[in-house]
Amino acid sequence: MKKNLQKVMSLLCVSAISLSMIAGCGGGNNGGTTTETPAATTEEASTETSTEAADATAEESTEATEETTEETTEETTEETTEETTEASADGESTPRNETLYEAGQQWGTINDWNPMSANSNNGLALSANESARELVYETLFMFNSLDGKLYPLLGSEYSWNDDQTELTVKLNPDAKWSDGSAFTAEDVAYTYDTHVKYQSSQGADFSTYVDSVEAVDDSTVLIKAKVENGVAVNPLKVTSILNTMYMMQKAYLQTVEERNGEDADKVKQDTMEDLVHTGPYAPYISNDQKAVLQRDDNYWGQADSMWGKLPVPKYIAHTIYKDNAAGQVALSQGEVDVCQQFITDVQNLWLEDNLPISTWLDDAPYGACEVMPSMFFNTEREGLDQKEVRRAIAMAVDYEQIIASAMSGQSPTFAEYPRSVVGPTDGERKYVDFDAIADLQWDNADVDGANKLLDDAGIVDSDGDGIREYNGKNLSFKAECPTGWSDWNASMEIVAAAGEKIGIDIQTYFPEASSFYDDMTTCNFDICMWSTPGAGVMNPYSKGMFYFSEEYAKLASNWSGNFGHYMNDDAEKILEALPAETDEAKLKEYYTELSRILLDECPAVALMYRPTLFYAVNESVWTNYPAADDGRNIPPTDCTDGYGIAALYELELVE
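Residues numbered from 1 in each chain as written. Predicted model: local features only at pLDDT ≥ 70, side-chain atom pairs only at ≥ 80, totals over all residues. Heavy atoms only, no water.

Peer 1: Got a minute to help me understand helix H21 (residues 584-601) in this structure?
Peer 2: Given 3.6 residues per turn, any residue in an α-helix points the same way as the ones three and four places further on. Taking 1.5 Å of rise per residue, the 18 residues of H21 would be expected to cover 26 Å, and the 26 Å separating its terminal C-alpha atoms lies within 8% of that figure. Along H21, the positions that sit buried rather than exposed are Leu587, Tyr590, Tyr591, Thr592, Leu594, Ser595, Ile597, Leu598, Leu599, Asp600 and Glu601. For H21, the N-terminal capping position is held by aspartate 583, with its side-chain oxygen 3.2 Å away from the main-chain nitrogen of alanine 585. In the stretch just after H21, cysteine 602 is the one whose phi turns positive, near 50°. (Helix = DSSP H or I, 4+ residues; strand = E, 2+ residues; numbered from the N terminus. Expected span 1.5 Å × (residues − 1). Buried < 20%, exposed > 50% of the residue type's maximum accessible area, 1.4 Å probe, protein only. Polar contact = N/O pair within 3.5 Å; in protein donor to acceptor, adjacent residues only side chain to side chain.)

Listed below in structure tokens is the structure:
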């Protein structure tokens, strides 16, 4: 964390204020000496994000407009104070010195605790992406975005056979359910079979690549891949079960099935409020004001084979804020400890406001950037089906302005990290030969180059109205993303301004999120914006799929990628070959070629780099949060996701 004197003094001041908030609270932390955290498994694997509507809802809320005027801040402060007072009066308050408060994850009353639900809004407990939220339900392994490895959780080790058709998983014999019964291989197999039987989103997805999940004995699971012509269809996808599928108890699932008559819709709509789980926290409070999880002091993970102790906070709480502005005010006032929200000019919180607030990095870009919010061109639209038009728009955009204004510097530039199919992390960039694609890169805001490209292609303004034509029609398009996503809205405005400079009419269009989702997922747009998958053990393969997959483009409702329906046989052949390829040199050849196609054809263009999760922490109550320079290898995933949950075992109260 930042150690400048100014910040230390502010920490002391805010700590004094915080003591009054703790008055009358019983109990203490569950700290003690720090024990060694579990070691990563030796075999590296892979997973892919399956972006669903529930995750999109969370992103919509995270991107909500930040109010910046003093009047709005004062109004929000008053509302936040009223909400806090009301929440305290409801008899469900928790001791401040035992409670870790989050923001930016939960945006409404929790509607269910069902991992199979397609309509869950439970951001506090159900977020099974590359780094699954490990608070209530648990996965077999935890992904660490810092080193790209899987770390043991319910599973202790895994290994593939030589031809990658069978994946064997050994379970931790100490793992138990919240009702005290043992966690066994039968639970793993039944979890998978239930997903498939009732065709949950994960069941429908994984059944394409997985032939079966079998219990060999109580502590051994055998996952068999689907095979075509003697080769596993996609070993990478099979492996991703390990860190993205929440485990559920066989006996409990049978109860859910029985009470719903094995009706698929009813099973997937069951709220599962009586859930049985393996995680360190259980549901405690859920209403329209806040959601709170309470530590299970019988949690199996305190065994020596796992963490060796309980997580420090007894409660994980999330006030239901109406927008980002309210969450930011609460963070500033020390009412929020960990904030997963985009905060414009976040550095001003400590440089100007003298608050004990820190980010992953002390300096810009402040966060761990892993994803690439990208604009997709609808290649089925006349004009945009021409690569010269797509590339010209890409060349003319002022990306440095996007990074400086829309992102307030919270992204590295494309001069620092040249464009490709991979993100800015070392683990992904090793797969691309950037010298081989250097001639396809373009300078920032290269308006002259873009105009020349269009002129040379014969795409000109023949009637003098300032807009170029193609096949006799003006090049006129709409660039859209959801209203209220302030940094994305600003980015699309900069794209539109670039169009004007090269004779292409681009108007911005910011519909409500639900309308945007309909447009994006059905290819009913001209230009739209969406983010690549973040760091994951399937990357950079999942990013390649995101940009090029014909499989995604053919989906009736496509949340996964290739929204503009770009088809390229060479790219498709590479995507088919990648999952089974293990030779590093060949992988680099493949990803370099995908990058060449991306830069030359421009079916989509990254506008910035960005964290998968934003991460700002207030150290007025808790301290010892993960930071980039602390040498602990705990990722900045808000103390809740993947191996980032290791942070909960090392937090300390501010004295």
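Right, picking up where we left off after that structure.
Peer 1: It is not clear to me how the sheet that holds strand S13 (residues 338-339) should be interpreted in this structure. Could you clarify?
Peer 2: Within a beta sheet, neighbouring strands are joined by backbone hydrogen bonds and run either parallel or antiparallel to one another. The strand order across the open sheet formed by seven strands is S10-S11-S12-S1-S13-S24-S14, and the pairing between neighbours is mixed. Two strands lie at the open edges of the sheet, namely strand S10 (281-286) and strand S14 (357-359), each paired on one side alone. Running at roughly 40° to strand S24 (residues 616-618), helix H10 (residues 324-332) makes contact with S13, S14 and S24 of the sheet. (Pairing = 2+ DSSP bridges. Contact = heavy atoms within 4.5 Å. Axes fitted to C-alpha atoms, helices over the stretch in contact; angles between N-to-C directions.)

Peer 1: What am I meant to see in empty space enclosed by the protein here?
Peer 2: Unoccupied space between atoms shows up once a probe the size of one water molecule is rolled over them. Counted under the stated rule, the structure contains four cavities of 30 Å³ or more. Estimated volume of the largest cavity: approximately 100 Å³. Forming the boundary of the largest cavity are 14 residues, of which Thr359, Gln410, Phe614, Tyr615 and Ala616 lie nearest the centre. The residue inventory of the lining of the largest cavity, partitioned by class, reads 10 nonpolar, four polar and no charged. (1 Å grid on protein atoms, 1.4 Å probe; cavity = no way out; pocket = protein on both sides within 12 Å on 5 of 7 lines; lining within 4 Å. Points joined across faces, edges and corners; volume = space filled by probe spheres on them. Nonpolar A, V, L, I, M, F, W, Y, C, P; charged D, E, K, R; others polar.)

Peer 1: Just to check I follow, could you spell out the environment of glutamate 576 for this structure?
Peer 2: Inspection of the secondary structure puts glutamate 576 in helix H20 (residues 569-577). For glutamate 576 and serine 549, which are 27 residues apart along the polypeptide, the C-alpha to C-alpha distance reads 9.6 Å.

Peer 1: Help me out: how do you make sense of the pairing of strand S7 (residues 220-225) in this one?
Peer 2: Side-chain direction in a regular strand flips from residue to residue, so the side chains alternate between the two faces of the sheet. Most of S7 sits inside the fold, with five of its six residues counted as buried. One ladder, built from five bridges, connects strand S5 (residues 166-171) with S7; its direction is antiparallel. If you follow threonine 168 over to S7, its bridge partner there is leucine 222. Here strand S6 (residues 210-217) runs beside S7; their pairing, made up of six bridges, is antiparallel. Residue valine 213 lies in a different strand from S7, and its bridge partner there is isoleucine 223.

Peer 1: Hey, could you run me through the packing of helix H18 (residues 541-548) against H20 in this one?
Peer 2: When two helices pack together, their arrangement is given by the angle between their axes and by how far apart the axes lie. Packing of H18 against H20 leaves a shortest axis separation of 10 Å and a crossing angle of 150°. Between H18 and H20, the interaxial angle falls into the category roughly antiparallel. Note that H18 runs across H20; the crossing there is left-handed. Residues Tyr541, Gly544, Met545 and Phe548 of H18 touch H20, and the partners they reach there are Ala571, Glu572 and Leu575. The residue makeup of the contact of H18 with H20, split by class, is five nonpolar, one polar and one charged. (Parallel < 35°, antiparallel > 145°, perpendicular 65-115°, else oblique. Left-handed = near helix turned anticlockwise from the far one by under 90°.)

Peer 1: Please explain the side chain of aspartate 323 as it appears in this structure.
Peer 2: As for its placement among the helices and strands, aspartate 323 is situated in the loop between strand S12 (315-319) and H10. Reaching out from aspartate 323, the side chain makes a polar contact with the backbone nitrogen of alanine 325 at a distance of 3.3 Å. A distance of 3.0 Å separates a polar atom in the side chain of aspartate 323 from the backbone nitrogen of alanine 326. Beyond its immediate chain neighbours, meaning those up to four positions away, aspartate 323 contacts Trp107 and Gln341.

Peer 1: I would appreciate a short explanation of the sheet that holds S5 in the present structure.
Peer 2: Spatially, the four strands line up as an open sheet ordered S4-S5-S7-S6, and their pairing is antiparallel. Looking at strand neighbours, the two that pair on one side only are strand S4 (155-160) and S6, the edges of this open sheet. On average, each strand axis in the sheet is inclined to that of its neighbour by 20°, with strand direction left out of account. In terms of strand pairing, S4 meets S5 through five bridges, oriented antiparallel. Residue pairing across strands places glycine 155 opposite leucine 171, the latter belonging to S5. The sheet contacts of helix H4 (residues 185-197) involve S5, S6 and S7, and relative to S6 the element is tilted by about 160°.

Peer 1: What am I meant to see in the nonpolar core here?
Peer 2: In this structure, Met375, Ile393, Trp530, Tyr547 and Phe548 are the most contacted members of the largest nonpolar core, which totals 86 residues. Broken down by element, this core gets its largest block of residues, seven residues, from H21. Core analysis: the next-biggest nonpolar cluster, separate from the first, contains 83 residues, Leu124, Val210, Val238 and Trp622 among them. (Core = buried A, V, L, I, M, F, W, Y, C linked by side-chain atoms within 4.5 Å.)

Peer 1: Even after reading the chapter, I still don't get the packing of aromatic side chains, so can you show me in this structure?
Peer 2: Two aromatic rings are characterised by how far apart their centres lie and by the angle between their planes. Evaluated as defined, the whole model comprises 28 aromatic pairs. Clustering of aromatic rings is evident, with ring pairs tying together Trp485, Trp488, Phe516, Tyr517, Trp530 and Trp559. In this arrangement the basic side chain of arginine 419 is found over the ring face of phenylalanine 414, its NZ or CZ atom lying 4.6 Å from the centre. The residue whose ring lies beneath arginine 610 is phenylalanine 342, and the NZ or CZ to ring-centre distance is 5.7 Å. (Phe/Tyr/Trp six-rings, centres within 6.5 Å; stacked < 30°, edge-to-face > 60°. Lys NZ or Arg CZ within 6 Å of the ring centre and 35° of its normal.)

Peer 1: What should I look at first to understand the packing of H18 against H21 in this one?
Peer 2: Interaxial distance between H18 and H21 falls to 11 Å at its minimum, and their mutual angle equals 30°. Viewed along their axes, H18 and H21 adopt a mutual orientation that is roughly parallel. Between H18 and H21 lies a crossing whose hand is left-handed. Residues Tyr541, Gly544, Tyr547 and Phe548 of H18 pack against Tyr591, Leu594, Ile597 and Leu598 of H21. Looking at side-chain class alone, the contact of H18 with H21 contains seven nonpolar, one polar and no charged residues.

Peer 1: How do you make sense of the pairing of strand S21 (residues 527-531) when you look at a structure like this?
Peer 2: Counting buried positions along S21 gives five out of five residues, so the element sits mostly inside the fold. Both faces of S21 are covered, namely the face carrying Ile527, Met529 and Ser531 and the face carrying Cys528 and Trp530. Note: strand S19 (residues 476-480) against S21, two bridges, orientation parallel. Residue glutamate 480 lies in a different strand from S21, and its bridge partner there is cysteine 528.

Peer 1: Help me out: how do you make sense of the confidence of the model for the protein chain in this one?
Peer 2: Atom-level detail of predicted coordinates should not be read off regions where pLDDT is low. When pLDDT is averaged along the protein chain, the result is 88, and 86% of the positions lie at 70 or above. Segment residues 1-39: pLDDT under 50, and 71 contacts once partners within four positions in sequence are set aside and those in other chains are kept. In the predicted structure, residues 41-91 sits below a pLDDT of 50 and forms 115 contacts with residues beyond four places in sequence or in another chain. (pLDDT = per-residue confidence, 0-100.)

Peer 1: Would you mind showing me how to read the pattern of salt bridges here?
Peer 2: Opposite charge on two side chains permits them to pair, given that their charged atoms come into close proximity. Under the counting rule described, the total for this entry stands at 23 salt bridges. For the salt bridge of arginine 295 with aspartate 297, the shortest nitrogen-to-oxygen distance reads 2.6 Å. Note that glutamate 428 is salt-bridged to lysine 543, the shortest N-O span being 3.0 Å. Here lysine 543 lies in helix H18 and glutamate 428 lies in helix H14 (residues 426-429), a separation of 115 residues in the sequence. (Salt bridge = Lys/Arg side-chain N within 4 Å of Asp/Glu carboxyl O.)

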